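Each chain, letter by letter, is given below.
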Number of protein chains: 2
Amino acid sequence: MAGSPITRTTYTVDSLLAVTVEVFNTRGYDGTSMEDLSRAAGISKSSIYHHVRGKEELLRLAVGRALDGLFAILDEPPAVQGRPVERLEHVVRRTTEVLLAELPYVTLLLRVRGNTEAEIWALERRRDFDHRVADLVRAAVAEGELRADVEPRLATRLLFGMINSIVEWYRPGAGPEAVDGIPDAVVRLAFAGLLA
Amino acid sequence: MAGSPITRTTYTVDSLLAVTVEVFNTRGYDGTSMEDLSRAAGISKSSIYHHVRGKEELLRLAVGRALDGLFAILDEPPAVQGRPVERLEHVVRRTTEVLLAELPYVTLLLRVRGNTEAEIWALERRRDFDHRVADLVRAAVAEGELRADVEPRLATRLLFGMINSIVEWYRPGAGPEAVDGIPDAVVRLAFAGLLA
DNA sequence: TGTTGAGCCGACCGATCGTTCGGTTACGCT
DNA sequence: AGCGTAACCGAACGATCGGTCGGCTCAACA
């Protein structure tokens, strides 16, 4: 009932967004001009305005997609039932997986600083996500499952700082097997540390 | 032989740089106009060009300062002698301390993406730093002091991703005692993990 | 006290910014 | 075949960009 089964040469909002996010991530949002986008998309600058209201809407759509993926994790069954430490491990592993699956969108999300209205909205949703994870860490500490000599809020920040830093260096390419090792490594280092 | 001992109301390159870096960090480098800088510094736009060649030189000076602080760590005695795992722990702790001490400059450094010449130069120096730390991790693994089931390069990236993420949330204010806890927490989580 | 230059200024430059607008093309539907 | 409109275009808009220029001010010094 949707798109034609034949060749598709025209842009949808989604396919335009995919091109846009790549440019945003390499040039930076402020460093990207609408002409940069038009050149990357292969259509004229003014044609972009046929699909979206403007530059900031492209940003809002992109970070919204990343946030939707991350928040969906918190509603997955293993994230809402069981021992807190196991729920936390699930969230940690799945967050890493979603970050890798939606890499360009999450990358853009993590670079938002809050200068425009869309960015402030994204920061608020991110903070909400962080708070819900911090609650999980607190619960695990209360159960005696996690060390109590590091503040839960601080531990949460460092933990997700580690996960989020993946966007700084990971580039897909080799194959799907390269991805699989990363969530495991994250969970191991996060819970058991570097020491042998 | 240097500056007059009396009141100083005029700008030096350093004091101008301090103002500049704050603006760069809140607005972003591309999002900061020279008029933004002139407004924050309280002098006219053209006066800035009396102190520096232009916008990019301000960026180069700022990230250079951050890099100098980080590289100095690798030359400290505890970083060059002793068991690899102890040398690594020293580098981890000191990197966290330098990051906190030079917070605005390191923050700016970590946001560089490599679009201008100054940014490419900064990225190259960062990569050099990372490689030297990764060598340390490899040495510790070879000695059997660190777990061997996570690739040294990956472990290094995640470890320093955790440290570097501090710039995303830490804001000085409360007092010096708030800072002291962070390097300890980083070392504990990095080497021993979250588990109780 | 006359001179010098560091420090600063307003006015202005060409280029580029995000956006708008009127108009053209070509495909889907009847 | 003919119509409607999604998709696209070139040209231009005012605003703002980073940077330049000639000149002003005033403290330091000979």
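Calculation rules
- Residues numbered from 1 in each chain as written.
- Chains lettered and ligands numbered in written order.
- Predicted model: local features only at pLDDT ≥ 70, side-chain atom pairs only at ≥ 80, totals over all residues.
- Heavy atoms only, no water.
- Helix = DSSP H or I, 4+ residues; strand = E, 2+ residues; numbered from the N terminus.
- Buried < 20%, exposed > 50% of the residue type's maximum accessible area, 1.4 Å probe, protein only.
- Contact = heavy atoms within 4.5 Å.
- Areas by Shrake-Rupley, 256 points an atom, 1.4 Å probe, with all protein chains shown as cover.
- Lys, Arg positive; Asp, Glu negative; His and termini not counted.
- Charge placed at Lys NZ, Arg CZ, Asp CG, Glu CD.
- Near = heavy atom within 4 Å.
- Polar contact = N/O pair within 3.5 Å; in protein donor to acceptor, adjacent residues only side chain to side chain.
- Phe/Tyr/Trp six-rings, centres within 6.5 Å; stacked < 30°, edge-to-face > 60°.
- Lys NZ or Arg CZ within 6 Å of the ring centre and 35° of its normal.
- Least-squares fit on C-alpha atoms with pLDDT ≥ 70 in both.
- Axes fitted to C-alpha atoms, helices over the stretch in contact; angles between N-to-C directions.
- Left-handed = near helix turned anticlockwise from the far one by under 90°.
- Nonpolar A, V, L, I, M, F, W, Y, C, P; charged D, E, K, R; others polar.
- Domains from an automatic or database assignment.
- Buried area = accessible area lost by both parts, 1.4 Å probe.
- Salt bridge = Lys/Arg side-chain N within 4 Å of Asp/Glu carboxyl O.

Counting its secondary structure elements, chain A contains 10 helices and 0 strands. The principal-axis extents of the C-alpha atoms in chain A amount to approximately 60 × 35 × 35 Å. Relative to its full complement of 196 residues, chain A shows a buried share of 46%. For chain A, the proportion of contacts with a sequence separation of at least 24, taken over those separated by at least 6, is 66%. When the accessible area of chain A is evaluated, it comes to approximately 9600 Å², of which 51% is carbon and sulfur surface. Mean positive and mean negative side-chain charge positions of chain A (24 and 28 charges, respectively) differ by 3 Å.

Turning to the protein's contact with DNA strand D, a few remarks are in order. In the region of DNA strand D, 17 residues are neighbours, and Ser44, Ser46 and His51 of chain A together with Met34 and Lys45 of chain B sit closest. In DNA strand D, atoms within 4 Å of the protein come 52% from sugar and phosphate. Between DNA strand D and the protein, one listed contact pairs a phosphate oxygen with a side-chain N or O atom of Ser47 of chain A at 2.9 Å. Here Lys55 of chain B contributes a side-chain N or O atom positioned 2.7 Å from a phosphate oxygen of DNA strand D.

Before going further, it helps to examine the packing of aromatic side chains. Residues and elements named next belong to chain A. One pass over the full model with this rule turns up 8 aromatic pairs over all chains. Ring plane angle 80° and centroid distance 5.0 Å describe the contact between Phe24 and Tyr29, whose orientation is recorded as edge-to-face. Neither residue differs from the other here; Phe24 and Tyr29 are each classed as buried. When the centroid spacing of 5.7 Å and the interplanar angle of 80° are considered together, the rings of Phe71 and Phe129 count as edge-to-face. Taken together, the residues Phe71 in helix α4 (residues 55-74) and Phe129 in helix α8 (residues 117-142) connect sequence positions 58 residues apart. Residue classification places Phe71 among the buried residues on the basis of a relative accessible area of 12%. Through pairs of rings, three or more aromatic residues link up here, namely Phe71, Phe129 and Phe160. A cation over a ring is seen here: Lys55 above Tyr29, with NZ or CZ 4.7 Å from the ring centre. For Arg65, the ring lying beneath its charged end belongs to Tyr105, and the centroid distance is 4.1 Å.

What relates the two chain copies is a rotation about an axis together with a slide along it. Expressed as a screw operation, the relation of chain A to chain B combines 0.0 Å of axial shift with a rotation of 180°, fitting to an RMSD of 0.0 Å. Here the transformation between the copies is reduced to the relation of a two-fold axis. The overlap is high: 100% of the interface residues of chain A also sit at the interface in chain B, so the same surface is used on both sides.

Residue and element names in this part refer to chain B. Taken N-terminus to C-terminus, the directions of helix α6 (residues 84-101) and helix α8 (residues 117-142) make an angle of 145°; their axes are 8 Å apart at the nearest point. Seen from above, α6 lies across α8 with left-handed handedness. Note on element contacts: α8 touches α6 through Phe129, Val133, Leu136, Val137, Ala139 and Ala140, opposite Pro84, Val85, Arg87, Leu88, Val91 and Thr95. Residue classes in the contact of α6 with α8 are distributed as 10 nonpolar, 1 polar and 1 charged.

The next subject is the domain arrangement of chain A. Residue and element names in this part refer to chain A. Per the domain assignment, the segments of chain A are domain 1 (13-51) and domain 2 (57-192). Of note, the centres of domain 1 and domain 2, computed from C-alpha atoms alone, are 27 Å apart. Listed by partner, the interface residues are 11 residues for domain 1 and 10 residues for domain 2. Here domain 1 packs against domain 2, burying approximately 1000 Å² in sum over the two surfaces, 70% of which is carbon and sulfur. When residues of domain 1 are sorted by the area they lose upon contact with domain 2, Leu17, Asn25 and Tyr29 head the list and together hold 48% of the total. Taken together, the connections running from domain 1 to domain 2 amount to 3 residue pairs in polar contact (both at pLDDT 80 or more). Among the elements that line the side of domain 1 that touches domain 2, the one with the most residues is helix α1 (residues 13-27), at 8 residues.

Turning our eyes to something else, we now look at the interface of chain A and chain B. Many structure descriptions define interface size as the accessible area lost when the parts assemble. Of the residues lining the interface, 36 residues belong to chain A; the matching set on chain B comes to 36 residues. Of the roughly 3600 Å² buried between chain A and chain B, counting both surfaces, carbon and sulfur atoms make up 63%. On inspection of chain A and its partner chain B, the count reaches 4 salt bridges. Where chain A touches chain B, the interface holds 20 residue pairs in polar contact (both at pLDDT 80 or more).

Another point: the pattern of salt bridges. All names here are of chain A. Enumeration according to the criterion identifies 33 salt bridges over all chains in this entry. In this structure, Asp36 engages Arg27 in a salt bridge whose closest nitrogen and oxygen atoms are separated by 3.4 Å. Taking the shortest distance from any N to any O, the salt bridge between Arg147 and Asp149 comes out at 2.7 Å. Exposure remark for Arg147: the relative accessible area of 16% places this residue in the buried category. On the basis of relative accessibility, which here comes to 40%, the residue Asp149 falls in the partly exposed class. What you see here is one network of salt bridges that share partners, running through Arg27, Glu35, Asp36 and Arg39.

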